[in-house]
Amino acid sequence: MKSHTLALSLETADLGVRLLFHEGSLYQSLRRRYADYHSSPKASAVCEVEVDDGPLQGHDPAEPVEIVLRGGRWLMRQGDALELEYDPAARRGRIRRNRNGIESDWFLLLFDSALRFLYSLLLLPAGGFLMHAASAVWRERALIFAGASGAGKTTISRLAPPDAIVLDDEISCLRPVNHLWTAYTTPFGGALGVRSSRKGSPVAGLYLLAHGEQTRLTPLGPASGVQGLLRNVVLFPGDPSVVRAVLNAVCDLVREIPVYRLEFRPEPSVWEMLL
Amino acid sequence: MKPIIYIARAPGVAWRRLEDEVIVLSGSDSSLFILNAVAGEIWEAADGKTTLSDIVVRRIIPGFEVEFEQAYEDAAEFVRALADEGILLVSSQPLDGAPEP
C-alpha cells in the first residue's frame with residue numbers, strides 16, 4: 001500500500017492528464033518542467049497515469065523506442081529506462097521508470113516522449129493529432145509550418161515578425177473545436193523558448209517547409225497536401241483504427257485549410273507572403 | 001475470355017476519397033498511395049465480391065471512354081502493383097475486404 005500520492009494535472013488542447021506519483025523528486029522536476037501546462041487538480045482529466053518505479057523486465061537497452069499494441073493496451077518502451085502502458089478503454093495508464101539516471105535531462109526528454117505518445121492517443125478520439133511543425137499566431141490566426149528536422153521550423157520561427165506569437169517550433173497540436181481547426185501549444189518545445197498559451201487559435205494556413213534559392217509559395221491540391229502533412233504527423237502504425245483516425249483527421253483538415261509548399265530563403269520578408 | 005479475378009482492399013488499410021483522387025494509407029508501415037481517378041474507381045469497387053471484369057465494364061468503360069481490352073489490361077496491371085504492395089487482395093474466389101473508410 002502506498003503511503004501517499006502526489007497528483008500533477010496537466011492540460012494541453014483542452015485535454016487533461018492527471019499524473020500520480022508516490023514520491024516527490026520526479027514530481028517536483030516535472031512540475032517545474034511543465035509549469036505552463038498545469039491545470040487545477042479539480043479539473044476533469046481524460047485519463048490518469050500512475051508513475052512508479054521499475055525494475056523493467058525484458059527491455060533491450062539498445063532498442064531506443066518500441067511501441068506495440070497488445071490485448072487492447074498500448075505499450076511504449078524506451079530502452080531499459082522507461083515504459084508507458086496505456087489502456088484506452090479504461091483511460092488509465094502506468095509509467096514505470098528505471099531509477100538509474102532519473103531526473104537527468106536525458107530522462108526528462110524520455111518522459112516528454114512518453115507524454116507525447118500519450119497525447120497522440122488522446123487526441124485521436126477528438127479528431128486531432130500532433131505534428132512535427134512549428135506554429136505561430138499572427139493577426140489572430142495560427143500558421144502551421146510542417147517539416148522534418150532541418151526543414152526550417154526553428155528558422156521560420158526566428159524570422160517571425162514582432163507582433164507574431166510563436167507557439168511551438170517543434171511539435172504542434174491541431175484539433176477541431178466546434179468545427180473549427182484549432183492550434184495549441186504543447187509541452188514538447190524545441191530549440192526556441194516559445195510562449196505558451198492554453199488558449200487555442202484558429203488555423204488559417206498550413207505550410208510544408210522546404211529550403212529554396214528563392215522564396216516561393218505554391219498551393220497544393222488535396223492529395224498532395226495530405227501526402228505532405230502525413231509525412232510529419234506523429235503516427236504509430238500497428239492498429240488499423242489509429243491509422244484510419246489519423247488519415248480521416250488529416251483529410252478533414254485539408255478540406256478546410258489551404259496547404260502550401262513554402263520554399264524560403266531565411267529572410268524576414270518570407271512572412272510577407274503569408275496570410 | 002478473361003480469368004475470374006476477385007479483388008478486395010486488404011484489412012488494416014485506411015483510405016479516403018478526396019475529390020478525384022483516393023488516398024490509401026497502409027496500416028502496417030504507414031506507406032501512402034495516391035490513386036488517380038481510374039485507379040480510385042477500381043479501389044472503391046474492390047469489395048471482394050465483384051470480379052475485375054465487372055468492375056471494368058460497370059465503372060471504367062462508361063466513365064472514361066476506353067475500350068474493354070485496354071481498360072482491362074491497365075486494371076490488371078494496377079491490381080498486380082497494389083497486390084505486390086500488400087494493400088490489395090487477389091483471388092479466384094470471393095473475398096472479405098477492408099471496411100469502408
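Computed from a predicted structure; not experimentally measured.

A. View of the sheet that holds strand 5 (residues 47-51) of chain B. Residues and elements named next belong to chain B. Here we have three strands laid out as an open sheet, ordered 5-1-6, and antiparallel in their pairing. Across the chains shown, the open sheet's two edge strands, defined by having one partner strand only, are strand 5 and strand 6 (88-91). This sheet shows a mean twist of 25° between the axes of neighbouring strands, independent of strand direction. Relative to strand 6, strand 1 (residues 6-9) runs antiparallel, the two being bridged by four bridges. From the neighbouring strand, Tyr6 faces strand 6, where its bridge partner is Ser91.

B. How the structure looks around the packing of helix 4 (residues 222-230) of chain A against helix 5 (residues 240-256) of chain A. Residue and element names in this part refer to chain A. Running from amino to carboxyl end, helix 4 crosses helix 5 at an angle of 130°, the nearest separation of the two axes being 9 Å. Classified by the interaxial angle, the pair formed by helix 4 and helix 5 is oblique. Crossing handedness for the pair helix 4 and helix 5: right-handed. Of the residues in helix 5, those touching helix 4 at Pro222, Gly225, Val226, Leu229 and Leu230 are Val246, Leu247, Val250, Cys251, Leu253 and Val254. In terms of residue class, the contact of helix 4 with helix 5 is made up of ten nonpolar, one polar and no charged.

C. Layout of the nonpolar core. All names here are of chain A. Judged by nonpolar contacts, the single largest core of 74 residues is most densely connected at Phe111 and Leu229. In terms of residue count, the dominant contributor to this core is helix 2 (residues 105-123) (eleven residues). Mapping this core onto the domain boundaries places at least three of its residues in each of domain 1 (6-126) and domain 2 (129-273). Ignoring any residue separated from it by four or fewer positions in sequence, one finds Phe111 in contact with Leu19, Leu26, Leu30, Tyr34, Val51, Leu82 and Ile95.

D. Representation of the interface of chain B and chain A in the model. On the chain A side, the residues contacting the 16 residues of chain B number 16 residues. Here chain B meets chain A over a buried area of about 1500 Å², counting both sides, of which 71% is carbon and sulfur. The largest share of the area that chain B buries against chain A comes from Arg16, Leu18 and Leu25 of chain B, three residues that together contribute 37% of it. Connecting chain B to chain A are one salt bridge. Among the salt bridges present, the one from Asp252 of chain A reaches Arg16 of chain B, with a minimum N-O distance of 2.7 Å. At the boundary of chain B with chain A, the tally comes to two residue pairs in polar contact (both at pLDDT 80 or more). Across the side of chain B that touches chain A, the residue classes break down as eight nonpolar, five polar and three charged.

E. The environment of Arg255 of chain A, seen in detail. Note on placement: Arg255 of chain A falls in helix 5. Aside from chain neighbours lying at most four places away, what touches Arg255 of chain A is Arg16 and Leu18 of chain B.

F. Up close: the pairing of strand 13 (residues 201-211) of chain A. Residue and element names in this part refer to chain A. For strand 13, the buried fraction is high: eight of the eleven residues fall into the buried class. Here strand 9 (residues 141-146) pairs with strand 13 via five bridges, running parallel. Directly across from Phe145, in strand 13, lies its bridge partner Tyr207. Relative to strand 13, strand 12 (residues 180-184) runs antiparallel, the two sharing two bridges. Across the sheet, residue Ala183 finds its bridge partner in strand 13, namely Ser201. Across six bridges, the pairing between strand 13 and strand 15 (residues 259-264) is parallel. By the bridge assignment for strand 15, Tyr207 is matched with Tyr260.

G. A look at the domain arrangement of chain A. All names here are of chain A. As assigned here, chain A comprises domain 1 (6-126) and domain 2 (129-273). Taken together, the contact pairs 22 residues of domain 1 with 19 residues of domain 2. Taking both sides of the interface into account, the surface hidden between domain 1 and domain 2 amounts to around 2000 Å²; carbon and sulfur atoms contribute 67%. Interface area lost by domain 1 to domain 2 is led by Tyr37, Arg116 and Leu124, which between them contribute 28%. Linking domain 1 with domain 2 are zero salt bridges, by the criterion used here.

H. Representation of the side chain of Thr12 of chain A. Relative to the elements of secondary structure, Thr12 of chain A occurs in strand 1 (residues 6-12). Once residues within four sequence positions are removed from consideration, Thr12 of chain A is found in contact with Tyr37, Tyr119, Thr185, Thr186 and Pro187 of chain A.

I. Representation of the pattern of salt bridges. One pass over the structure, following the stated rule, counts 19 salt bridges over all chains. The salt bridge involving Arg73 of chain A is made with Glu85 of chain A; its shortest N-O contact spans 3.3 Å. A residue pair is termed long-range when its members are at least 10 positions apart, and Arg73 of chain A in strand 5 (residues 73-78) and Glu85 of chain A in strand 6 (residues 82-87) qualify at twelve residues. Among the ionic pairs, Glu41 of chain B bridges to Arg59 of chain B, the shortest N-O distance being 3.0 Å. Taken together, the residues span a long stretch of sequence, with Glu41 of chain B in helix 1 (residues 37-45) and Arg59 of chain B in helix 2 (residues 52-64) at a distance of 18 residues. Each of Arg17, Glu41, Glu44 and Arg59 of chain B takes part in a single network of salt bridges with overlapping partners.

Reading the values: the criteria
Residues numbered from 1 in each chain as written. Chains lettered and ligands numbered in written order. Predicted model: local features only at pLDDT ≥ 70, side-chain atom pairs only at ≥ 80, totals over all residues. Heavy atoms only, no water. Pairing = 2+ DSSP bridges. Helix = DSSP H or I, 4+ residues; strand = E, 2+ residues; numbered from the N terminus. Axes fitted to C-alpha atoms, helices over the stretch in contact; angles between N-to-C directions. Parallel < 35°, antiparallel > 145°, perpendicular 65-115°, else oblique. Left-handed = near helix turned anticlockwise from the far one by under 90°. Contact = heavy atoms within 4.5 Å. Nonpolar A, V, L, I, M, F, W, Y, C, P; charged D, E, K, R; others polar. Core = buried A, V, L, I, M, F, W, Y, C linked by side-chain atoms within 4.5 Å. Buried < 20%, exposed > 50% of the residue type's maximum accessible area, 1.4 Å probe, protein only. Domains from an automatic or database assignment. Buried area = accessible area lost by both parts, 1.4 Å probe. Salt bridge = Lys/Arg side-chain N within 4 Å of Asp/Glu carboxyl O. Polar contact = N/O pair within 3.5 Å; in protein donor to acceptor, adjacent residues only side chain to side chain.

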